[in-house]
Amino acid sequence: RRVVFEADDAPDDDLIGGHLIFYHTPDIEQHLEGVEIRNFGQAGRLGKYPVHFHMCEATKSLVKKAVVRQSNQRCYVIHGSQNVTLEENVSFDTFGHCYMTEDGSEHSNSFVRNLGVHTKKATKLIESERGETDDSAGTFWMTNMQNSFEGNVMAGSEHYG
């Protein structure tokens, strides 16, 4: 059975789609597997990403065999969360950083056999005091290397792998 989450464009902006957030869920296991997410992410808006773990602290969560395509802003974002596993996922034709940790507090997360293809620079940056860098997007953008990486592949990025 195919499960697809697809957002319509906002009436006044075709770079505003849906977003999926796991929000402040410490010690709760989240499991997302085998879904396709299309036209999610909201260009220039902080926290509006296709798959976003936000301040979940220690969570044993898994995102596996998911596809994010035609994202308007980023792809799989881990922020203030630990013990998240991103495994065997795909991203295709996306704007901004794709598989990423957000501010450096993230650790003990696993990135396993993920594929990122055709990552493009963001056309509209998030307004932030820290100065976002999605205009030179990386398919894998890590702010803390105390995470594990195994067998990930990227191809066709406009800037960085």
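You'll find the structure just up there.
Reference entry: report on the structure contained in this document. (Residues numbered from 1 in each chain as written. Predicted model: local features only at pLDDT ≥ 70, side-chain atom pairs only at ≥ 80, totals over all residues. Heavy atoms only, no water.)

Some words on the environment of Ser128
Here's step 1: Tracing the chain through its elements places Ser128 in the loop between strand E11 (115–120) and strand E12 (140–141).
Here's step 2: Measuring from C-alpha to C-alpha, the distance between Ser128 and Arg38 comes to 26 Å, with 90 residues separating the pair along the chain.
Here's step 3: One polar contact links Ser128 to Glu132, side chain to side chain, over a distance of 3.3 Å. (Helix = DSSP H or I, 4+ residues; strand = E, 2+ residues; numbered from the N terminus. Polar contact = N/O pair within 3.5 Å; in protein donor to acceptor, adjacent residues only side chain to side chain.)

A look at the sheet that holds strand E8 (residues 90–95)
Here's step 1: Pairing within the open sheet is parallel, and its 6 strands lie in the order E1-E4-E6-E8-E11-E14. Lying at the two open borders of the sheet, with one neighbouring strand each, are strand E1 (3–6) and strand E14 (153–155). Strand-to-strand twist in this sheet, taken as the mean axis angle between neighbours without regard to direction, amounts to 20°.
Here's step 2: Inspection of the sheet shows strand E4 (residues 35–38) paired to strand E6 (residues 67–69) by 3 bridges, in the parallel sense. If you follow Arg38 over to E6, its bridge partner there is Arg69. (Pairing = 2+ DSSP bridges. Axes fitted to C-alpha atoms, helices over the stretch in contact; angles between N-to-C directions.)

Here we look at the state of the cysteines
Here's step 1: If you walk through the whole model with that rule in mind, you get 1 disulfide.
Here's step 2: One disulfide in the model links Cys75 with Cys98; its S-S distance is 2.3 Å. Here the disulfide of Cys75 and Cys98 is left-handed, its torsion about the S-S bond being about -95°. Of this pair, Cys75 sits in the loop between E6 and strand E7 (76–87) while Cys98 sits in the loop between E8 and strand E9 (99–101), placing them 23 residues apart in sequence. Per residue, the accessibility class of Cys75 equals that of Cys98, and both read buried.
Here's step 3: Sulfur of Cys56: no disulfide; nearest cysteine sulfur belongs to Cys75 and is 18 Å away. (Disulfide = S-S within 2.5 Å. Buried < 20%, exposed > 50% of the residue type's maximum accessible area, 1.4 Å probe, protein only.)

Focus on the packing of aromatic side chains
Here's step 1: What the rule picks out here adds up to 4 aromatic pairs.
Here's step 2: Seen from their ring centres, Tyr76 and Tyr99 are 4.9 Å apart, and the 10° between their planes marks the pair as stacked. Of this pair, Tyr76 sits in strand E7 while Tyr99 sits in strand E9; the two residues are 23 residues apart in sequence, bridging distant segments of the chain.
Here's step 3: Look at Tyr99 and you get buried, because its relative accessible area is 0%.
Here's step 4: A centroid spacing of 4.7 Å and a plane angle of 10° characterise the contact between Tyr99 and Phe140, whose relative ring orientation is stacked. Placement of Tyr99 in strand E9 and of Phe140 in strand E12 is noted, with a sequence separation of 41 residues between them. Exposure class is identical for Tyr99 and Phe140. Each is buried.
Here's step 5: Chaining the aromatic ring pairs together yields one cluster made of Tyr76, Tyr99 and Phe140.
Here's step 6: Here the guanidinium or amino end of Lys120 rests over the ring plane of Phe95, the centre of that ring lying 4.1 Å away. (Phe/Tyr/Trp six-rings, centres within 6.5 Å; stacked < 30°, edge-to-face > 60°. Lys NZ or Arg CZ within 6 Å of the ring centre and 35° of its normal.)

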